[in-house]
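Structural features, examined
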Amino acid sequence: MNVVVIVTGGAGFIGSNFIFHMLASHEDYRIVCLDKLTYAGNLSTLKSVMDRPNFRFVRLDICDRCGVERLFEEEKPDIVVNFAAESHVDRSIENPSVFLQTNIVGAGVLMDACRKYGVRRFHQVSTDEVYGDLPLNRPDLFFTEDTPIHASSPYSSSKAGADLLAMAYYRTYGLPVTISRCSNNYGPYHFPEKLIPLMIVNCLYDRPLPVYGEGINVRDWLYVEDHCKAIDLVIHRGRVGEVYNIGGHNEMRNIDIVKLICRELGKPESLITYVTDRKGHDLRYAIDPAKILRELGWLPETRFEDGIRKTIRWYLEHRDWWEEIISGEYQTYYERMYANR
Ligand code: NAD
Ligand code: TYD
């Protein structure tokens, strides 16, 4: 094994897809997944790789300094990729404190361990949401890496906090850091509290489809595998101390996504229910990915029409995965969030 990669948050949506990608494309790497298994982490997601000799799963909180240092001591990682985070904007509006703890303090603990053990690269998986939002009537504007940080939600501000900390560790201690800021992902293993899987699951049960406000907010959607390939490039060829935006110029209004899902599943649009808008709801996200194309040659490979069909098919074929999730704590969450909204 020549390269050891610690992937935090690898039992979640993007982290698990990244682990599958890394095991498939770097067969000589050792991949160690560190995950606390919060409500969003699922060990069943990793069952296909659990027995691989070059894969290890460790249940651990990134805020647990002693546990993290022990793991670094044991594994001597070359690269650390930090996906671990509280990731849902609506939950951050309800209860910000765990977002500050995991997304900022936890990221700091990881960076301290990287310094102590001389890790070659710490990669912070960030989000385009740190830039705040763009107006709906200015389709000519995009987020570049130089767009000022202007986060709107407790979630995005906690992610921005980690980004600032990472840049400070680069400048102050020379920690070899890279940051990527990606647009909204979709694909297999996406937790059903998020827009696309929530609408697929509700459609399959003929339940109301709760669209916030008028459904005109715009998100820039990227198939998760394309995000994973971009991170792979950044950790190997990205320049330290640099930020890379990741996105595929695929902007869509929420309402159009929901209608598309109805069409694909043969469900009536009468299921759509307009509900009270999210507080501070960002209007539009749109990434300018010119830098990662220019420097690393990255381009998205999956067109939205193909990716969304693949995703819907995946949810149809993996009912056991999401039915187990929505039978637990999710029901209380759903009730709290959507009843009488
Ligand atoms: P997710 O919520 O599906 O998964 C998060 C994972 O982190 C879970 O497995 C959870 O158990 C784990 N985790 C949470 N707190 C932890 C802690 N304290 N210690 C260890 N593990 C912990 O999230 P996701 O959608 O896969 O997002 C992964 C990363 O990518 C996040 O950092 C997020 O900010 C970023 N991101 C997400 C998107 C998106 O569209 N989903 C877009 C851009 C960036
Ligand atoms: P989400 O998947 O939570 O991602 P983010 O807020 O990080 O972009 O939401 C995507 C968009 O869909 C966002 O504009 C909020 C909207 N939305 C709904 O209209 N209804 C829902 O039930 C959810 C979860 C989201």
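That block above? That's the structure.
A short tour of the structure in this document, coming up. These numbers come from a predicted model, not from an experiment.

This next bit is on the pairing of strand E5 (residues 121-127). For E5, a buried count of 7 out of 7 residues is recorded, marking the element as mostly surrounded by other parts of the structure. Where strand E4 (residues 79-82) lies against E5, 4 bridges are found, and the strand directions are parallel. Bridge pairing in E5 links Val-81 to His-123.

This part takes up the packing of helix H6 (residues 195-204) against helix H10 (residues 304-317). One can describe the packing of H6 onto H10 by two numbers: an axis separation of 11 Å at closest approach and a directional angle of 50 degrees. Considered as vectors, H6 and H10 are oriented oblique to each other. You can see that H6 and H10 cross each other, and the crossing is right-handed. Contact residues: H6 offers Ile-196, Pro-197, Ile-200 and Leu-204, while H10 offers Ile-308, Thr-311, Ile-312, Tyr-315 and Leu-316.

If you check the shell around ligand 2, you find 19 residues, and the closest are Glu-129, Arg-219, Arg-278, His-281 and Tyr-338. A distance of 2.6 Å separates an oxygen atom of ligand 2 from a polar side-chain atom of Glu-129. Between an oxygen atom of ligand 2 and a side-chain N or O atom of Arg-219, the distance comes to 2.7 Å. Taken by itself ligand 2 offers 510 Å² of open surface, and the protein chains cover 97% of this. Residue assignment for the shell around ligand 2 shows that the elements contributing at least two residues are H6 and strand E8 (209-212). Looking at the shell around ligand 2, its residues break down into 9 nonpolar, 5 polar and 5 charged.

Right, let's talk about the environment of Arg-181 for a bit. Its place among the elements puts Arg-181 in strand E6 (residues 177-182). Placed 111 residues apart in sequence, Arg-181 and Ile-292 show a C-alpha to C-alpha distance of 11 Å. Within the structure, Arg-181 has its side chain in polar contact with the side chain of Tyr-131 (distance 3.0 Å). Only 2.8 Å separates the side chain of Arg-181 from the side chain of Asp-163, close enough to count as a polar contact.

Within the fold, Thr-8 resides in strand E1 (residues 3-8). Sequence spacing of Thr-8 and Glu-301 is 293 residues, and the spatial spacing of their C-alpha atoms is 25 Å. Residue contacts for Thr-8: discarding those within four places in its chain leaves Leu-34, Ile-62, Val-81, Asn-82, Phe-83, Ala-84 and Leu-110. Here the side chain of Thr-8 touches Ala-84 through a polar contact of 3.1 Å, landing on its backbone nitrogen.

The next point concerns the pairing of E6. Where burial is concerned, most of E6 is hidden: 6 out of the 6 residues are buried. By the alternation rule, side chains of E6 split into Val-177, Ile-179 and Arg-181 and Thr-178, Ser-180 and Cys-182, which are all buried. Alignment of E5 against E6, held across 6 bridges, turns out to be parallel. Paired with Thr-127 across the two strands is Cys-182, which belongs to E6. The handedness of the E5 to E6 crossover, carried by helix H5 (residues 154-173), is right-handed. Relative to strand E11 (residues 242-246), E6 runs parallel, the two sharing 5 bridges. Residue Ser-180 lies in a different strand from E11, and its bridge partner there is Tyr-244.

Right, let's talk about the sheet that holds E6 for a bit. One open sheet accounts for 7 strands, arranged E3-E2-E1-E4-E5-E6-E11; its pairing is parallel. The sheet terminates laterally at strand E3 (55-59) and E11, the two strands that pair on one side only. In this sheet, neighbouring strand axes are inclined to one another by 20 degrees on average, regardless of whether the strands run parallel or antiparallel. Strand contacts of helix H1 (residues 13-25): E1, strand E2 (29-35), E3 and E4, with the helix running at about 170 degrees to E2, the strand carrying the most contacts. Against the sheet, helix H7 (residues 224-237) touches E2, E4, E5, E6 and E11, its axis set at about 145 degrees to E5.

Right, let's talk about the site of ligand 1 for a bit. Within the structure, ligand 1 sits among 28 residues, and Ile-14, Asp-35, Ser-87, Tyr-155 and Lys-159 are positioned closest to it. Interatomic distance of 3.1 Å between a side-chain N/O atom of Thr-102 and a nitrogen atom of ligand 1. Contact distances for ligand 1 include 2.6 Å between an oxygen atom and a side-chain N or O atom of Lys-159. Surface burial for ligand 1 is 97%, taken as the share of its 830 Å² of free accessible area covered by protein chains. At the level of elements, H1, E5 and H5 are the ones that each hand at least two residues to the shell around ligand 1. Per-element accounting of the shell around ligand 1 gives the leading share, 3 residues, to E5. Across the shell around ligand 1, the residue classes tally to 13 nonpolar, 11 polar and 4 charged.

The subject of this paragraph is the packing of aromatic side chains. All told, the structure shown has 22 aromatic pairs when counted by the stated rule. Geometrically, the ring pair formed by Trp-314 and Tyr-315 is edge-to-face, given 4.9 Å between the ring centres and 75 degrees between the ring planes. The residues Trp-314 and Tyr-315 share a single accessibility class, namely buried. By way of ring pairs, the aromatic residues Tyr-39, Phe-191, Tyr-212, Tyr-330, Tyr-333, Tyr-334 and Tyr-338 are connected into one cluster. Its guanidinium or amino end placed over the ring of Tyr-39, Arg-91 lies 3.6 Å from that ring's centre, counting from NZ or CZ. Seen from the ring of Tyr-333, Arg-91 lies directly overhead, with NZ or CZ sitting 4.0 Å from the centre.

Rules behind the numbers
Residues numbered from 1 in each chain as written. Chains lettered and ligands numbered in written order. Predicted model: local features only at pLDDT ≥ 70, side-chain atom pairs only at ≥ 80, totals over all residues. Heavy atoms only, no water. Buried < 20%, exposed > 50% of the residue type's maximum accessible area, 1.4 Å probe, protein only. Helix = DSSP H or I, 4+ residues; strand = E, 2+ residues; numbered from the N terminus. Pairing = 2+ DSSP bridges. Axes fitted to C-alpha atoms, helices over the stretch in contact; angles between N-to-C directions. Parallel < 35°, antiparallel > 145°, perpendicular 65-115°, else oblique. Left-handed = near helix turned anticlockwise from the far one by under 90°. Contact = heavy atoms within 4.5 Å. Near = heavy atom within 4 Å. Polar contact = N/O pair within 3.5 Å; in protein donor to acceptor, adjacent residues only side chain to side chain. Areas by Shrake-Rupley, 256 points an atom, 1.4 Å probe, with all protein chains shown as cover. Nonpolar A, V, L, I, M, F, W, Y, C, P; charged D, E, K, R; others polar. Right-handed = clockwise from strand over helix to strand, strands pointing away. Phe/Tyr/Trp six-rings, centres within 6.5 Å; stacked < 30°, edge-to-face > 60°. Lys NZ or Arg CZ within 6 Å of the ring centre and 35° of its normal.

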